[in-house]
Amino acid sequence: MPDDLTAPAAPGRTALRIVLAEDSALLREGLAGILEKAGHQLLAAVADADALLAYTARHEPDVVVTDIRMPPTHTDEGLRAAVAIRARHPGIAIVLLSAYIAEAYVADLLDSTAATSQAGIGYLLKDRVGHVREFLDSLDRVAQGGTVVDPDVVRHLLARRRNDGPLTALTEREHEVLALMAEGYTNPTIAARLFVSEAAVRKHVGNIFAKLHLDPDSDRRVTAVLTYLRGSS
Amino acid sequence: MTRPATYPDAWSALRGRPWRFLTSVWPWRCLAYLVSTVPVGLVVLVALAAVIGLGALTAVIVVGLLLLTSVPLITTVVAEVERARLRLVLPQAHATTPAGGPATTPRERLRAWRTLPMSWSELGYAVLLATVFWVVDGLVLILALAVPGVLILAPLLVRVDTMDVAGWQIDTAAEAWPAFGIGLVAAATVAYLITALACGQAALARVLLDPLEARLVDAVNQLRRSRAGLVDAFAAERRRIERDLHDGAQQRLVALTMTLGQAELELDRGPGLDLVTKAHGLAEEALAELRATVRGIHPQVLTDHGLAAAIHELAGRSPVPVDTDLHLDGRLPAPVETAAYFVVSEALTNTARHSGATRAQVHAWVTGQTLTVTVIDDGRGGAEPADGSGLAGLAARLEAIDGTLEVTSPPGGPTTVRMTCPTT
C-alpha cells in the first residue's frame, strides 16, 4: 500500500473543522467517533438538512459531511442542502454519503461542482465509511479541493459505457488509469497504486484524453471524465 | 336487536340449531318481510290494474298507449323497492344496479329508466307480487299468528270466555295451561314456517330481480378489486420490510463495520489485528448480502427515484453489458414501477445466467396510458417462461394490474421479454 493512503490518522493530517449530518443516530455516533478519533474538530452532528444548513451558516466549517437520504421525505434532502451550501458558502468542501448508487446524484453533483468554486466535493457510498482509512483519506482529498467519487460508482459508470466506441479503444491499463482518474486520484497517486512511473501515467492519461476526445488541459479532469462516463458529453 | 349477528342470512339461520335460530333476529326479520309484502303487493296491484285498465280502455285514443309505456317504469320502481326489501332476509344479496348503470340523482335515474329496455323478469315479478305473494303471505300470517297467539294467551282468555280451537273446547284453567304449552310449540313451528316462506319468496325474488349474469359481473368486479388490493398490500408490505431492514439490521451492520474499521486503526500488527480484519471482512460480506436481499424485496432507489434510476442501477450491475433507452418522465404508480422493475431484473438475471448473450437492451416508454418495457438479448434463445423462472410469477403479478407479459425466445435467439401495463 502506498504511503499516502495508509498514513496514520492523527499526526500529519490537518485537523478539519467539520459539520456532520446523518439521520441514523447509530451511524451519526459512529461517524462522529471516527472523525474525532482522527483528530478532526466536530462542530456539530445533526440529524436533518435544516439543522445542517443552520450550523453550517453559524460555524463556516472546512468540510460538511452529509447523508443524502434524510427526513422528512428520505430522498435527496442532503443533496439539496449541499447545493444550497455550495451557493451560499462556495469555500466549504462537501462529502455526500449515499446508501446506494443513483446516477441522478452523480449528475447533480457534477452540475453543482462545475458551476462553482474550487472547493472539493466527494460522493461516497456509506459502506466506504467502514474502510476508515480510505474514508479519512477521501475526506482529506476533498478538503484539499479534490473531487472524490466512490470506486463502485466509477465501476458502475464504466460498466454502462463499456460498449461505446471510444471506450473499447482503450487498453486494459488505460482502463485502470481512467477508473482511478474518475475516482479523483492525482497522477502521482495513480502511479503509486499501479506500481508504474509518473511519466507512464502521464502518457496513459494523454492517450485516454486523445481517444475520448477530451480536453487534455482541463484543470477539472475528474469532472471531464465523469461527464464523459455519464454519457452527456 | 343487539344480538350479535351469528348467521349471515335467514336461510343459514333456518338450517342452524333450533335454539339459536329461535333466539336470533331472523324470524322477526322474516316476519317483517312477509308483513310488508301485503301493503306493497296491494299498492302494486292497484297501480298495475289502474295503468293497464285505463291504458286498455283509452288505447284507441293515443293516450292509452302512452299510459301503457309507463308499465316498465312501474315494474322498475317495484324491482328497486323489492331489492331493498330483499335485504331483510338476504342482507348479502347485492344491490345490483340494473342496466342503466350507477345513476346518482333521481332525475338521472328516471331518464335511465325511461330508456331502459323492458325487463320481462321484473314485470313477471311485479305481477306475481300483485296477485299471489301478498295474498298467500296475508293468509299465512293471519293463521300463523292467530293460532299460537290464542293458545299462548289461553290462561288469560279463559277467565273471560271459553274458546274453541280446532274443535278443542277450552273452558277451565286446567285446560288452559296445556294449551299455553302447545301454543309455545306452535309459535316455534310458526317461526320456522314464516322463515321458510320468506326465504322461498326472497329466493324467487332474487332470481327474477337479480339475474345470475349481473351477479357474476358484480362478483368479477369485486374479485378484480380485491386482487388489485392484494397486490397493493403486498407491495406496501415489501416496502415496509425494506424500510425495516434498512433502518434496522443494515444500519447496525454499517455501524459494526465502522467500529471494526476503527479497531483496525487502533491495533498493532499481530493476531489480534488479523482477527479484527477478518471480522471486518465478514461484516462487510453480511452487509453486501443484506443489501442484495433488500434489493430483491424492494429496492430503495426505486422507492426514492423511480423506475428509470432503478433500471440504470440494474443495468450497471448486470454482468452482461446493457444498453438502456428509457423514456420515462416523472413517476408511475408504485405497483406499476415495482412490477416493471422486477420484470427487468428477472429478465437481465436470466440473460446473464442462461442465454450466453454478449449484450442486452432495455427499452421503456409510455404511450398514452400504457407503459411498455422490453428486454432484448442476443443470446441463444430457447427460453421457456414456464421453466420455473421467476417470469411466470411476474406474469401473474402483472395480470393483477391488467398488464401483460410476453416472452419470445426462438431457438437461436434473440430472446425478447415484453411487458405492457396501464399507468392509471
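The structure displayed is predicted, hence computed values, not measured ones.

Cut-offs applied
Residues numbered from 1 in each chain as written. Chains lettered and ligands numbered in written order. Predicted model: local features only at pLDDT ≥ 70, side-chain atom pairs only at ≥ 80, totals over all residues. Heavy atoms only, no water. Axes fitted to C-alpha atoms, helices over the stretch in contact; angles between N-to-C directions. Helix = DSSP H or I, 4+ residues; strand = E, 2+ residues; numbered from the N terminus. Parallel < 35°, antiparallel > 145°, perpendicular 65-115°, else oblique. Left-handed = near helix turned anticlockwise from the far one by under 90°. Contact = heavy atoms within 4.5 Å. Nonpolar A, V, L, I, M, F, W, Y, C, P; charged D, E, K, R; others polar. Buried < 20%, exposed > 50% of the residue type's maximum accessible area, 1.4 Å probe, protein only. UniProt positions renumbered as here; feature names shortened; annotations may be inferred. Buried area = accessible area lost by both parts, 1.4 Å probe. Salt bridge = Lys/Arg side-chain N within 4 Å of Asp/Glu carboxyl O. Polar contact = N/O pair within 3.5 Å; in protein donor to acceptor, adjacent residues only side chain to side chain. Phe/Tyr/Trp six-rings, centres within 6.5 Å; stacked < 30°, edge-to-face > 60°. Lys NZ or Arg CZ within 6 Å of the ring centre and 35° of its normal.

(A) Main features of the packing of helix H12 (residues 334–355) of chain B against helix H13 (residues 390–400) of chain B. All names here are of chain B. At their nearest, the axes of H12 and H13 sit 10 Å apart, and the two run at 165° to each other. One way to sum up the angle between H12 and H13 is to call them roughly antiparallel. The interaxial crossing formed by H12 with H13 has left-handed handedness. Contact with H12, carried on its side by Thr-338, Ala-339, Phe-342, Val-343, Glu-346 and Asn-350, involves Gly-390, Leu-391, Leu-394, Arg-397 and Leu-398 of H13 and no other residues of that element. A class-by-class count of the residues in the contact of H12 with H13 yields six nonpolar, three polar and two charged.

(B) The environment of B:Leu197, seen in detail. All names here are of chain B. With respect to the helices and strands, the residue Leu-197 is situated in helix H8 (residues 173–209). Residue classification places Leu-197 among the partly exposed residues on the basis of a relative accessible area of 23%. Expressed as a C-alpha distance, the spacing of Leu-197 and Cys-30, which sit 167 residues apart in the sequence, is 8.4 Å. Those residues within four positions of Leu-197 in sequence are excluded, and the remaining contacts are Leu-34, Asp-137 and Val-140.

(C) Molecular detail of the UniProt feature "modified residue: 4-aspartylphosphate" (unreviewed entry) in chain A. Residue and element names in this part refer to chain A. Summarizing the sequence annotation, UniProt attributes the feature "modified residue: 4-aspartylphosphate" (unreviewed entry) to Asp-67 in the numbering used throughout. With respect to the secondary-structure elements, Asp-67 resides in strand E3 (residues 63–67). Looking at Asp-67, the relative accessible area reads 1%, which means it is buried. Among residues more than four places away in sequence, those in contact with Asp-67 are Ala-21, Glu-22, Asp-23, Gly-78, Leu-97 and Lys-126.

(D) Broad picture of the interface of chain B and chain A. Residue-level contacts link 31 residues of chain B with 30 residues of chain A. Together, the buried faces of chain B and chain A total about 2,700 Å²; carbon and sulfur atoms form 55% of this surface. Sorting the residues of chain B by area buried against chain A places B:Met258, B:Leu265 and B:His305 first, and these three jointly supply 22% of that buried surface. There are two salt bridges connecting chain B and chain A. The closest approach of N and O atoms between A:Lys37 and B:Glu266, which form a salt bridge, is 3.7 Å. Counting across the chain B and chain A interface gives four residue pairs in polar contact (both at pLDDT 80 or more). Looking at the side of chain B that touches chain A, the elements that each hand over two or more residues are helix H9 (212–266), helix H10 (271–297) and helix H11 (300–317) of chain B. Among the residues making up the side of chain B that touches chain A, the classes are represented as nine nonpolar, 12 polar and 10 charged.

(E) Here's a closer look at the packing of aromatic side chains. Residues and elements named next belong to chain B. Applying the stated criterion to the full structure yields four aromatic pairs over all chains. Geometrically, the ring pair formed by Trp-177 and Phe-180 is edge-to-face, given 5.6 Å between the ring centres and 75° between the ring planes. Placement of both Trp-177 and Phe-180 in helix H8 is noted, with a separation of three residues, approximately one turn of the helix. Residue classification places Phe-180 among the partly exposed residues on the basis of a relative accessible area of 28%. Summarising the aromatic geometry, the rings of Tyr-341 and Phe-342 are spaced 5.1 Å apart at their centres and angled 85° between planes, so their arrangement reads as edge-to-face. Owing to a relative accessible area of 1%, Tyr-341 belongs among the buried residues under this scheme. A cation sits over an aromatic face here: Arg-85 above Tyr-33, 4.5 Å from the ring centre. Taking the ring centre of Phe-342 as reference, the NZ or CZ of Arg-238 above it sits at 5.2 Å.

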